[in-house]
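Inside the fold
Now for the letters of each chain:
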Amino acid sequence: MTTEFVHLRLHSEYSLVDGLVRIKPLAKKVADMGMPAVALTDFNNFFGLIKFYKAVQGSGVKPILGADVLVSSLSEGTPTQLVLLAADDKGYRNLTQLISRAYLEGQRQAIPVIEHSWLTSHSEGLIALSGGRLGEIGIALVSGREAEAKAALVEMMGIFPDRFYLELQRTNRADEDDYIHSAVSLAEQCDCPVVATNDVRFIESSEFEAHEARVCIYEGRALDDPRRERRYSETQYLKTPEEMAELFSDIPEALENTVEI
């Protein structure tokens, strides 16, 4: 039986803050793995969109257009992560408007941020993934604020009806196990679907050090700086469907929902 899985969160070399994935090798790799589709979700931009669309579609794989964005928090105003995927033409147009508005009106210390209030009027045609442990819901869960997390989830499910998913990751980073335990429980309470991502930043695990150098260049830090925050792991490569199936063997619906999306 063939394992099916679709990567729905991936940063390419066109992502300004991180990411080493080159578009043409990505298209070939995904096709070789037998994946039916793959998403591009560079941070707050569509710079690689046309090249991605042509290369992936030319390899017989369905391209999914999206972006990782920062959204102001309902509770504190501190920006948190959210993944937005275009389900149709209306969604694509809404996402371009949200990103443009973030650059024009939402700059915070030179970082574009989408105001939470903008989502309501620009949610049509968009599928949203919660951002994992670094999304608003995830941060609340990891901090033990279950009631706040539930309120945020109900709010987002209202903005994205039948199009909001709690995102799960197992990339050997801090708090992931605690987050997944709490997120799965909350998903059951609120009847919210879950979805697995690997938050991909490079194609092969051997590229981790090169990726860290890329991040350091952006942050203006040295690789050996002891004060530098280590936000990534060597497991954030383009894993095969079989590897993802092994990772989430206990939560198969998280894999099935990637194909549904």
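Further up the page is the structure itself.
So, here is what we can say about the structure in this document. All of these numbers come straight from a predicted model, not from anything done at the bench.

1. Considering empty space enclosed by the protein
Taken as a whole and judged by the stated rule, the model has two cavities of 30 Å³ or more. Mapped onto the lining of the largest cavity, the elements with two or more residues apiece are strand S3 (80-86), helix H5 (136-142) and helix H6 (146-159). Per-element tally for the lining of the largest cavity: the top contributor is S3, with three residues. Residue composition of the lining of the largest cavity, grouped by class: six nonpolar, six polar and one charged. Of the pockets and cavities examined, the second largest cavity occupies roughly 40 Å³. If you trace the second largest cavity, you find it lined by Leu40, Asp42, Asn45, Phe46, Leu49, Phe52, Leu65 and Gly66.

2. As for the packing of H6 against helix H7 (residues 176-190)
Look at H6 against H7: their axes get within 11 Å of each other, and the N-to-C directions meet at 55 degrees. Classified by the angle between their axes, H6 and H7 sit oblique to one another. In this structure, H6 meets H7 at a crossing whose hand is right-handed. Side by side, H6 and H7 meet where Ala149, Lys150, Leu153, Val154 and Met157 of the first sit next to Leu186, Gln189 and Cys190 of the second.

3. Topic: the side chain of arginine 170
Within the secondary structure, arginine 170 sits in the loop between strand S7 (164-168) and H7. Judged by relative accessible area, which is 18%, arginine 170 ranks as buried. Beyond its immediate stretch of four places on either side in the chain, arginine 170 contacts Glu176, Ile180, Asn198, Lys239, Leu247, Phe248, Asp250 and Ile251.

4. Some details on H7
Taking 1.5 Å per residue, 15 residues should reach 21 Å; H7 reaches 20 Å between its end C-alpha atoms and fits that length. Of the surrounding elements, those touching the buried residues of H7 are H5, H6, S7 and strand S8 (194-196). In the stretch just after H7, aspartate 191 is the one whose phi turns positive, near 55 degrees.

5. Considerations on a nonpolar patch on the surface
A cluster of nonpolar side chains, contributed by Leu16, Phe47, Tyr103 and Leu104, occupies part of the molecular surface with about 450 Å² of accessible area. Note on placement: leucine 104 falls in helix H3 (residues 89-105). With relative accessibility at 73%, the residue leucine 104 sits in the exposed group.

6. A word on the nonpolar core
Residues Leu82, Leu84, Leu119, Ile137, Phe160, Phe164 and Leu168 are the most contacted members of the largest nonpolar core, which totals 61 residues. Here the element with the most residues in this core is H7; it accounts for six residues. Once residues lying within four places of it in the same chain are set aside, the contact partners of phenylalanine 160 are Leu84, Leu119, Ser123, Leu126 and Ala128. Counting residues in hydrophobic clusters, the runner-up holds 12 residues, among them Leu8, Leu85, Ile127 and Tyr165.

7. Digging into the sheet that holds S3
Pairing is mixed across the open sheet formed by six strands, whose spatial order is S1-S2-S3-S6-S7-S8. Sheet topology places strand S1 (37-40) and S8 at the edges, where each strand pairs with a single neighbour. The mean inter-strand angle of the sheet, taken between neighbouring strand axes irrespective of direction, is 35 degrees. Sheet topology places strand S2 (residues 62-71) next to S3; six bridges connect them, and they run antiparallel. Within S3, the residue paired with valine 69 across the bridge is leucine 82. On top of the sheet, helix H2 (residues 49-58) reaches S1 and S2; it is set at about 150 degrees to S2, its chief contact.

8. Observations concerning the pattern of salt bridges
Tallied over the entire structure, the rule returns 14 salt bridges. Note that arginine 201 is salt-bridged to aspartate 18, the shortest N-O span being 2.9 Å. Taken together, the residues span a long stretch of sequence, with arginine 201 in the loop between S8 and helix H8 (208-219) and aspartate 18 in the segment before helix H1 (23-33) at a distance of 183 residues. Like aspartate 18, arginine 201 is buried. Between aspartate 199 and arginine 201 there is a salt bridge, and its shortest N-O distance comes to 2.8 Å.

Rules used in this analysis
- Residues numbered from 1 in each chain as written.
- Predicted model: local features only at pLDDT ≥ 70, side-chain atom pairs only at ≥ 80, totals over all residues.
- Heavy atoms only, no water.
- 1 Å grid on protein atoms, 1.4 Å probe; cavity = no way out; pocket = protein on both sides within 12 Å on 5 of 7 lines; lining within 4 Å.
- Points joined across faces, edges and corners; volume = space filled by probe spheres on them.
- Helix = DSSP H or I, 4+ residues; strand = E, 2+ residues; numbered from the N terminus.
- Nonpolar A, V, L, I, M, F, W, Y, C, P; charged D, E, K, R; others polar.
- Axes fitted to C-alpha atoms, helices over the stretch in contact; angles between N-to-C directions.
- Parallel < 35°, antiparallel > 145°, perpendicular 65-115°, else oblique.
- Left-handed = near helix turned anticlockwise from the far one by under 90°.
- Contact = heavy atoms within 4.5 Å.
- Buried < 20%, exposed > 50% of the residue type's maximum accessible area, 1.4 Å probe, protein only.
- Expected span 1.5 Å × (residues − 1).
- Patch = residues over 30% accessible without salt bridge, like charges linked within 9 Å, V, L, I, M, F, W, Y side chains within 5 Å.
- Areas by Shrake-Rupley, 256 points an atom, 1.4 Å probe, with all protein chains shown as cover.
- Salt bridge = Lys/Arg side-chain N within 4 Å of Asp/Glu carboxyl O.
- Core = buried A, V, L, I, M, F, W, Y, C linked by side-chain atoms within 4.5 Å.
- Pairing = 2+ DSSP bridges.

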